[in-house]
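Tertiary structure, described
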Amino acid sequence: MAAIDATALPTARDTGRSTAIAAIVMVVFLVLAPFVLYPVFLMKALCFALFACAFNLLIGYVGLVSFGHALYFGWASYLAAYAAKSWGMPIEVSIIIGTATAAALGVIAGSLAIRRQGIYFAMITLALAQMMYLVALRSKLTGGEDGIQAVPRGRLFGTFDLSHEMTMYAFVLVVVLAAFFLVYRIINSPFGEVLRAIRENEQRTISLGYRTERYKLIAFVLSATLAGLAGAIKAFVFQLASLTDVHWTMSGEVVLMTLVGGLGTIFGPIVGAFIVVALENYLAPFGQWVLVIQGCIFVACILLFRRGVVGELAHRLHVRL
Amino acid sequence: MFTILGHPSQQLFGQLLLGLINGSFYALLSLGLAVIFGMLNIINFTHGAQYMMGAFVAYILLNYLGINYWLALIIAPIVIGAIGVVIERLFLARIRQLDHLYGLILTFGLALIIEGLFRNYYGSSGQPYAVPDSLQGGHNLGFMFLPNYRAWVIAFSLVVCFATWFAIERTRLGSYLRAATENPTLVRAFGINVPRMVTLTYGFGVGLAALAGVMAAPIYNVSPQMGSDLIIVVFAVVVIGGMGSIMGAILTGFALGIVEGLTKVFFPEASNTVIFAIMIVVLLLRPAGLFGRSV
Amino acid sequence: MRVATGLAFAAAMLMTTAVRAEDLAVKIGVLSDMSGLYADLGGPGSVTAAKLAVEDFNPAAHGLKVEIVSADMQNKPDVGANVARQWFDVDHVDMIIDVPNSGVALAVNEVAREKNKVFIVSGAASSDLTGAKCSPDTIHWTYDTWMLANGTGKALVKSGGDTWFFLTADYAFGHALERDTTAVILANGGKVLGSVSHPLNTSDFSSFLLQAQASKAKVIGLANAGGDTINSIKQGAEFGITSGGQQFAGLLVFISDVGSLGLKTAQGLVLTETWYWDMTDANRAFTKRWQASHAGKFPTMVHAGVYSGVLHYLKAVAALKAASDGKAVVAKMKEMPTDDPLFGKGSVRADGRTIHPAYLFEVKKPEESKYPGDDYKLRATIAADEAFRPLKAGGCPLVTN
């Protein structure tokens, strides 16, 4: 039995045209937006959009629900910040270090979690993430409650001064768009086909001769690495790496974003991330109502709205988005 | 007072006691989770929030209605259990045909709603709840100081755990429950109202969580996030014990509490991660858990 | 006829608005813990104090128009930093005040430095804010960990508490307080037998208290605050710690904590504060006005610090007739001596530290308290020039030799 409800997943044929149009709309919006909207808000949304895309790779295309993705996001953020602040590495190197940390954690966590299916898999990912949260809480490297503050942005490749918000935005946009493209290529490749086959019916895929464990692990590590890239970038956007990034509520948020946007769609996580970040920004003066509203959205999505915004749109228009 | 392995007995037995208390809560909560998972195939992420609501009911009863701890022990599980029944009917019944991961996400969302609502009204620092008068004070046993209330917590949770185990494994009602888990259609054919049993089982599991909440109120402050950090440790306990058996959940809960307490004495920095470390080891050696059946 | 009246009215309106448009608009942001463990010592009470200060200053008479906004930093540095950044970048806030959490204060300190806007820390304690992390945009009001260590710490060591065990909140504040108090203990011939750190906002201290008990130290130093201190003391009573001969040192205790603990549990606690509601008539008058919004509670020194800080800030802005250049305003605040009904006369030092006397109090026994809020008796006054760390000793880069 498929882990994720099959009726919620895209069924239309991928003509490639709808994807191209949507991609162009998205890029145009992202290029023009910082002149109208607050660039820091946009950068935050972009980081989360990448985080959600990475998560979607696992839940939408392999059918594995990881409840502990904050582990890679947060620890990449910590290592990138630490590299820049304490080792004095330039931003490009620090981001690579952060992303590599996430990849390593992905290998370790993945090889443990893949041993079990379904709910157990989710619980193990959650428990591992919580364990690393507790380590972050007490560790000198992460600064515990204080986090790593005053992370220097420095100059990109020694030339571009990143203290200007617009320059930083341009850098973040280029990296994130490149990552989106990478995700798209992974999904629409023979590897991606096998992942989808595993999601639909793992037993049958095994009987066809595929080593599904290995595919699942690779997908897991890819997802963790891209989540780490998002986290590493975020550390420089806010010049701060903190416990919030490794807390289980962060894991829950990325589930929310992907769900709202649409599981298994290409643009769903991006739209979902923007919606959730905007919502939090708008609701911030209302204190703890943010939690309540997030919870209500979860419930509504599961009960009524399983396709998500982009999924619903794609379904109505009979296209693949 | 004497020393064991370099640590004063006072400290060692004190931490063991604290470990047993933590273990009592782990056991009660993982028992509730195991009962619910057995019947409904749902991982009840709301369990932590329901535990918290039990504590708040006790707090509200005491501060607004003057109703004491002993009555709260009875009222809170019933009230929260009833809310659990409503949750099951309104939300969980609708997604029963889907994969249990949807249940996990749904109950996660419910937990957020509940925690957010309580945080709005009560803030995020704790409310005090006094130890009931009859259980105040303690006894100096020579090798340690034993507060009465904490001794009561251990004793009562042992009783509750044993009673639940007995009800499920040794009574006729329990056998209907176990049969309905394995083959609901067949049990229905015998004229037993399976959906009602499912709903009531969820309510019972939730009630167990609320009971644990009332017991926790005098020890840990009553705060909206008291459930969320605890529930994740309980998940780890459940993974270690394995979902298959009730007795497994109880034994693993108490045992891990004791292990955690001992770690606090000999290796304090690792004390809050030791349960997760054990989970990793168990996963590598016995993926089904210590008492679990292979899934 | 009607048209003429209408035009005249419109003209009058335009004229008054034209006059208004020359008023300098100043926006003050009160960033505090509105719902967590520090909400009682700061929180909504700080917003009230800020409003009272604006009232007393009478902005219209100085050609200013002052607006107050507030937000909850939830004791998380990233939340605090993000609010600060958004306030400075988008919402045109000129000054942030309060922030009763040292970790968050350090983060906001960096944001204020980057954006060149004023930051008055009246709630947080870490002495690093006027030490290694000092900034030309930041002023540290009310108190700091050095003052607490030299007040309470010194008094206890001198009265016989020469062995200590620390229970420390595991973040910037707790570490700073433990560090500064350890220095005082060692300088006065005492010993630190050990320490254990606990996460911020811990509800169960039993395991840490057991370790403190096992150490047999005469004094258990509580390097924490707010809800954490209250819980440590309450649970200490449950485990019979004080009956075993050990004494708690409340290194940072506010009148709000004493209110929560009750005099029966808190009696005898020695603490250092820089303001007590019942010390002067001016304090009592302020307290009455403050209590109009917070019945049954008493303002803490943090609230008084917010009042004093806002007042002095507005005076500086009125003198400069500009609020946008943080460094200039802070330089003016350091140039002008401080003078307000609550703290009296004082000054702001080059490293951003405000200087005024400190007071050593002892919590009264229940039978000694004659009316609600009558919680403290004065044990000693520490003169302004002794109360705070010497200027050269902090390592602040702004202090040139």
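These remarks concern the structure in this document.

1. Things to note about helix α3 (residues 69-90) of chain B
Residues and elements named next belong to chain B. With 22 residues, α3 should reach 32 Å at 1.5 Å per residue; the first-to-last C-alpha distance of 31 Å fits that figure. The complete set of buried residues in α3 reads Tyr-69, Ala-72, Leu-73, Ala-76, Pro-77, Ile-80, Gly-81, Gly-84, Ile-87 and Glu-88. Turning to α3, the residues buried within the fold contact α1 (9-40), α2 (47-65), α4 (100-122), α5 (148-170) and α8 (194-216). At the N-terminal end of α3, a side-chain oxygen is found 3.2 Å from the backbone nitrogen of Trp-70, two or three residues along, and the residue is Asn-68.

2. Quick look at the interface of chain B and chain A
Accessible area lost upon the coming together of the parts is a frequently used measure of interface size. Taken together, the contact pairs 45 residues of chain B with 43 residues of chain A. Its largest share of buried area at the contact with chain A, chain B owes to Leu101(B), Tyr102(B) and Ile105(B), together 16% of the area lost on that side. Across the contact surface, chain B and chain A share zero salt bridges. The tally of links from chain B across to chain A stands at zero residue pairs in polar contact (both at pLDDT 80 or more). Secondary structure elements with two or more residues in the side of chain B that touches chain A: α4, α9 (226-241) and α11 (274-285) of chain B. In terms of residue count, the dominant contributor to the side of chain B that touches chain A is α4(B) (16 residues).

3. Focus: the nonpolar core
Ranked by internal contacts, the top residues of the largest apolar core, which has 224 residues, are Tyr72(A), Met168(A), Phe25(B), Tyr51(B), Met215(B), Ile275(B) and Met279(B). Sorting elements by how many residues they give to this core places helix α2 (residues 39-59) of chain A first, with 18 residues. Contact partners of Phe25(B), with chain neighbours within four places excluded, come to Tyr51(B), Val153(B), Ala212(B), Met215(B), Ala216(B), Ile219(B) and Tyr220(B). Residues Ile28(C), Phe57(C), Tyr171(C) and Trp275(C) belong to the second largest nonpolar core, which totals 102 residues.

4. Regarding the pattern of salt bridges
As a working rule, side chains carrying opposite charge can pair if their charged atoms are close by. Residues and elements named next belong to chain C. A full pass over the atoms with the stated rule returns 29 salt bridges over all chains. A salt bridge links Lys-115 to Asp-89; its shortest N-O distance comes to 3.2 Å. In this pair, Lys-115 sits in helix α4 (residues 102-115) while Asp-89 sits in helix α3 (residues 77-89), placing the two residues 26 residues apart along the sequence. Residue classification places Asp-89 among the partly exposed residues on the basis of a relative accessible area of 29%. A salt bridge links Arg-113 to Glu-110; its shortest N-O distance comes to 3.4 Å. Of the two residues, Arg-113 and Glu-110 are both situated in helix α4; the distance of three residues between them amounts to about one turn of the helix. Among the residues examined, Arg-113 registers a relative accessible area of 31% and is labelled partly exposed.

5. Description of the interface of chain C and chain B
Contacts between the two partners involve 19 residues from chain C and, on the opposite side, 19 residues from chain B. With both sides pooled, the region where chain C packs onto chain B buries about 1,600 Å², and carbon together with sulfur makes up 51% of that total. Broken down residue by residue, the surface that chain C buries against chain B is led by Leu210(C), Glu238(C) and Phe239(C), which jointly contribute 30%. Counting across the chain C and chain B interface gives zero salt bridges. Ranked by the residues each element gives to the side of chain C that touches chain B, the list is headed by helix α7 (residues 206-215) of chain C, at six residues. Taken together, the residues of the side of chain C that touches chain B sort by class into four nonpolar, eleven polar and four charged.

6. Focus on the sheet that holds strand β12 (residues 344-348) of chain C
Note on sheets: strands pair through backbone hydrogen bonds, and any given pair is parallel or antiparallel. All names here are of chain C. Pairing is antiparallel in the open sheet, where three strands are placed in the order β11-β12-β13. On the outer flanks of this sheet lie β11 (338-340) and β13 (354-355), each paired with one strand and no other. Note that β12 and β13 share two bridges and pair antiparallel. Paired with Ser-347 across the two strands is Ile-355, which belongs to β13.

7. Concerning the environment of Gly144(A)
All names here are of chain A. Mapping Gly-144 onto the fold places it in the loop between α5 (118-138) and β1 (155-156). For Gly-144, a relative accessible area of 4% puts it in the buried group. C-alpha of Gly-144 to C-alpha of Met-131: the two residues are 13 residues apart in sequence and 14 Å apart in space.

8. Brief notes about the environment of Asp23(C)
Residue and element names in this part refer to chain C. Here Asp-23 lies in the loop between α1 (2-20) and β1 (24-32). Using a relative accessible area of 22% as the deciding quantity, one classes Asp-23 as partly exposed. Along the chain, Asp-23 and Lys-321 lie 298 residues apart, while their C-alpha atoms are 9.5 Å from each other. In contact with Asp-23, other than residues within four places in its own chain, are Gly-63, Leu-64 and Lys-65.

9. Considering empty space enclosed by the protein
All names here are of chain B. With the rule as written, the count across this model stands at eight cavities of 30 Å³ or more. By volume, the largest cavity is sized at about 80 Å³. Around the largest cavity sit 13 residues that line it, and Phe-45, Ala-49, Ala-111, Glu-115 and Ser-228 are the ones nearest its centre. Counting only elements with at least two residues in the lining of the largest cavity, the list comes to α2, α4 and α9. Ranked by residue count, the leading element in the lining of the largest cavity is α4, at four residues. Of the residues belonging to the lining of the largest cavity, the class tally is nine nonpolar, three polar and one charged.

10. Description of the pairing of strand β8 (residues 219-223) of chain C
Residue and element names in this part refer to chain C. Of all five residues that make up β8, five are buried, and the element is covered over most of its length. Alternating positions in β8 separate into two faces, Val-219, Gly-221 and Ala-223 on one and Ile-220 and Leu-222 on the other, with burial throughout. Here strand β6 (residues 163-169) pairs with β8 via five bridges, running parallel. Counterpart to Trp-164 in the pairing with β8 is Val-219. As paired elements, β8 and strand β9 (residues 247-250) share four bridges and run parallel to each other. Along β9, the bridge assignment pairs Gly-221 with Ala-249. In terms of handedness, the path from β8 via helix α8 (residues 226-238) over to β9 forms a crossover that is right-handed.

The rules behind these values
Residues numbered from 1 in each chain as written. Chains lettered and ligands numbered in written order. Predicted model: local features only at pLDDT ≥ 70, side-chain atom pairs only at ≥ 80, totals over all residues. Heavy atoms only, no water. Helix = DSSP H or I, 4+ residues; strand = E, 2+ residues; numbered from the N terminus. Expected span 1.5 Å × (residues − 1). Buried < 20%, exposed > 50% of the residue type's maximum accessible area, 1.4 Å probe, protein only. Contact = heavy atoms within 4.5 Å. Polar contact = N/O pair within 3.5 Å; in protein donor to acceptor, adjacent residues only side chain to side chain. Buried area = accessible area lost by both parts, 1.4 Å probe. Salt bridge = Lys/Arg side-chain N within 4 Å of Asp/Glu carboxyl O. Core = buried A, V, L, I, M, F, W, Y, C linked by side-chain atoms within 4.5 Å. Nonpolar A, V, L, I, M, F, W, Y, C, P; charged D, E, K, R; others polar. Pairing = 2+ DSSP bridges. 1 Å grid on protein atoms, 1.4 Å probe; cavity = no way out; pocket = protein on both sides within 12 Å on 5 of 7 lines; lining within 4 Å. Points joined across faces, edges and corners; volume = space filled by probe spheres on them. Right-handed = clockwise from strand over helix to strand, strands pointing away.

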